[in-house]
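# Residue-level structure breakdown
Read off the chains here:
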Amino acid sequence: MGFLSNRKALIVGVASNRSIAWGIAEAMHREGAEIALTYQTDKLKGRVEQCAEACGGGPVMPLDVTDDAQIDAVFEQLKQTWGHLDIVVHAVGFAPREELEGSFVENTTRGGYAMAHDISAYSFVALARGARPLMQGRNGSLLTLSYLGGERALPNYNVMGPAKASLEASVRYMANDLGPEGIRVNAVSAGPIRTLAASGIGDFRKMLDLNAASAPLRRNVGIDEVGNTSAFLCSDLASGITGEVVHVDAGFHAIALSGSALDAS
Ligand code: NAD
Ligand code: 0WE
């Protein structure tokens, strides 16, 4: 018996088999959870259905998180098919591509800033509100994905940095609000991984190599490792953990200067 047996999980954010959400779906399915997935656009539907097949053939629904009606429809369908819900995973982030390069101050627009915060941070709160009635009396668990750029400044991440900071603060406010109902809220802050969201980011290969060279474990992490930690956080094994941001980044967040930098000089 896996540590998520009899659990029902909604996972938002699968776009391909490289998605962090796919790694989480696989790990949760392996541990016995039933999985429901959503796809942002019809273009992604086929790939999300493939993931659903690999994860036990649960419900697959359309969901663009900027659309309140689609959010309502997802929880209405889950109410009809499952009646209740134990886990929601939010693995969604977006900012206009042209704002993810160059000068943060020059390139950040009012519209881009609002969109990044709407899709990357507010939508987690909206999903929590939808899930809340289905989680009553069930020790529910909500999980989102963050990145170190929300805590510290680095090149090109730009407007996504403030959006992740807002997301992590939302985790703490949601944990405080929902804790009395037994609902836990946490984030995994993942190290850089080559996914669709990372493709087309200038110098991503270089970033991956620098991260691996500096990180205490001297390597990058994979979606399987993010998946395993996510499954743990959403299980009873983590029953005492809420309002937390767990770094799954080979230790990169913990260092100021890597031993590898001295070795090289
Ligand atoms: P990905 O491209 O596979 O996933 C991003 C997902 O966001 C896609 O499924 C996309 O459809 C979805 N999305 C974007 N706008 C949406 C909208 N309006 N409505 C519904 N869905 C929408 O990339 P990923 O790297 O797996 O990203 C998942 C999460 O992990 C994001 O929050 C990202 O910030 C975070 N993260 C990624 C990395 C990395 O290096 N890849 C590191 C740390 C955190
Ligand atoms: O959160 C992310 C990715 C966020 C992202 C990526 C895109 C690319 C396509 C948000 N919006 C868009 N919009 C698009 O049009 N990561 C943690 C991965 C990532 O993205 C970076 C990184 C890292 C790491 C961007 C610049 C610098 C580092």
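Treat the numbers as computed from the prediction; the structure is a model and nothing was measured.

Under the definition given, this model contains nine salt bridges. Linking Glu34 and Lys8 is a salt bridge whose minimum nitrogen-to-oxygen distance equals 3.4 Å. A residue pair is termed long-range when its members are at least 10 positions apart, and Glu34 in strand S2 (residues 34-39) and Lys8 in strand S1 (residues 8-12) qualify at 26 residues. On the basis of relative accessibility, which here comes to 13%, the residue Lys8 falls in the buried class.

Take the side chain of Ser19 next. As for its position among the elements, Ser19 is in the loop between S1 and helix H1 (20-30). A polar contact of 3.1 Å, which involves the side chain of Ser19, links it to the backbone nitrogen of Ser16. Once residues within four sequence positions are removed from consideration, Ser19 is found in contact with Gly13, Val14, Thr195 and Ile223.

A few words now on the environment of Asn139. Relative to the helices and strands, Asn139 resides in the loop between helix H5 (110-131) and strand S5 (141-146). Owing to a relative accessible area of 47%, Asn139 belongs among the partly exposed residues under this scheme. Counting along the chain gives 74 residues from Asn139 to Ala213, while the straight-line C-alpha distance between them is 40 Å. With sequence-adjacent residues up to four places away left out, Asn139 is seen in contact with Arg7 and Gly182.

Reading guide: rules and limits
- Residues numbered from 1 in each chain as written.
- Chains lettered and ligands numbered in written order.
- Predicted model: local features only at pLDDT ≥ 70, side-chain atom pairs only at ≥ 80, totals over all residues.
- Heavy atoms only, no water.
- Salt bridge = Lys/Arg side-chain N within 4 Å of Asp/Glu carboxyl O.
- Helix = DSSP H or I, 4+ residues; strand = E, 2+ residues; numbered from the N terminus.
- Buried < 20%, exposed > 50% of the residue type's maximum accessible area, 1.4 Å probe, protein only.
- Polar contact = N/O pair within 3.5 Å; in protein donor to acceptor, adjacent residues only side chain to side chain.
- Contact = heavy atoms within 4.5 Å.

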